[in-house]
Amino acid sequence: MSSYQVVRSKIAKTKVLLTEPWLARFVPETKLFSSENLKAMLAKFNEVYVKPDRGRRGERVIAISVLPDGSYQIKHENAENTVEKIANAVNFVKKIAGNDQFIVQRGITMLCVDESPFDLRVNVQKPYAKWIVSSMIAKKQAPGKIVTNYSQGGILLEFEEALKLAGLEKSQVSKIKKLLTNIGERTARVLNEKYPGLRELGLDIALDKMSHKPWILEVNTKPQYPKGLSDKFDRYRRIIKQKNG
Ligand SMILES: Nc1ncnc2c1ncn2[C@@H]1O[C@H](COP(=O)(O)OP(=O)(O)O)[C@@H](O)[C@H]1O
Ligand SMILES: [Mg+2]
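Residues numbered from 1 in each chain as written. Chains lettered and ligands numbered in written order. Predicted model: local features only at pLDDT ≥ 70, side-chain atom pairs only at ≥ 80, totals over all residues.

1. Quick word on the packing of helix α3 (residues 35–44) against helix α4 (residues 86–97)
Thought 1: With their axes 10 Å apart at the nearest point, α3 and α4 run at an angle of 125° to one another. Here α3 lies oblique to α4, going by the angle between them. Here α3 and α4 pass one another in a crossing that is right-handed. Two secondary-structure elements touch here, α3 through S35, L38, K39 and L42 and α4 through I86, A89 and V90.
Thought 2: Split by residue class, the contact of α3 with α4 holds five nonpolar, one polar and one charged. (Axes fitted to C-alpha atoms, helices over the stretch in contact; angles between N-to-C directions. Helix = DSSP H or I, 4+ residues; strand = E, 2+ residues; numbered from the N terminus. Parallel < 35°, antiparallel > 145°, perpendicular 65-115°, else oblique. Left-handed = near helix turned anticlockwise from the far one by under 90°. Contact = placed C-beta atoms within 7 Å. Nonpolar A, V, L, I, M, F, W, Y, C, P; charged D, E, K, R; others polar.)

2. Some points on the domain arrangement of the chain
Thought 1: Assigned domains within the chain: domain 1 (10–28 + 109–237) and domain 2 (30–106).
Thought 2: The C-alpha centroid of domain 2 is placed 23 Å from the C-alpha centroid of domain 1.
Thought 3: Listed by partner, the interface residues are 10 residues for domain 1 and 12 residues for domain 2.
Thought 4: Its residues placed into classes, the side of domain 1 that touches domain 2 shows four nonpolar, five polar and one charged. (Domains from an automatic or database assignment.)

3. What about the sheet that holds strand β5 (residues 79–83)?
Thought 1: Taken together, six strands build an open sheet; the order of strands is β1-β6-β2-β3-β4-β5 and the sheet is antiparallel. For this open sheet the edge positions go to β1 (30–32) and β5, each flanked by a neighbour on one side alone. Strand-to-strand twist in this sheet, taken as the mean axis angle between neighbours without regard to direction, amounts to 20°.
Thought 2: Both strand β3 (residues 62–66) and strand β4 (residues 72–76) contribute to a ladder of five bridges, which runs antiparallel. Note on β4: the bridge partner recorded for S65 is Q73.
Thought 3: α4 contacts β2 (47–52), β3, β4, β5 and β6 (102–106) of the sheet and is inclined by roughly 15° relative to β4. (Pairing = 2+ DSSP bridges.)

Rendered as structure tokens:
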């Protein structure tokens, strides 16, 4: 039985990443959900994502954006509705959140394949003493969804294939791959200083549609490796070979 450390709070992990200036630039602004913070974030960004601090599998994720006429568009699961007042948006979130802590994060307009946004899963592991990026994969939103999670119908694509289909040149792809590798390894080292029991991480990283800048949406400390994938995803399934303590 492995007994690796698991850290569930997204905001706690975000705070640790922000202590590393080089990494901080890839962390989208994130606050605890409150009426004031939602207001402040929507005054600053056109779109925000509101999600449970301890969420998983893309559950209870809400996207809120400001429309040109000043009303607010709320997307959740397959539904979309518009409200006039921010108080209505606050109430919508409160209904879904119940007693659970939610967070508000700057929304990232993600790079697309066939008009469907996708993000990347960067797996980082520490089989021995050093953290290494073991695989990267792309996850494309299923039609009508606002999340890319495999458990929500997200479609898996090979990393290079996805970026190529998104229109990137080979040289751009290898540059991004290098950058994501650095981000993965740095993230692991910084988090591991604070949480010594970590052995394995899965970063969800979005690429900005226009600039291709990477944004760390979250860091999973207990990443799932989907079962039953075709052979072309063999590399993705590479897992820790040796337990280390
Ligand atoms: N700030 C954001 N901007 C754009 N999309 C987001 C943002 N946050 C989350 N998402 C989408 O929702 C998915 C689930 O969010 P995530 O933070 O990874 O939580 P979970 O633990 O539920 O996987 C992401 O993979 C991404 O597709
Ligand atoms: Mg995720």
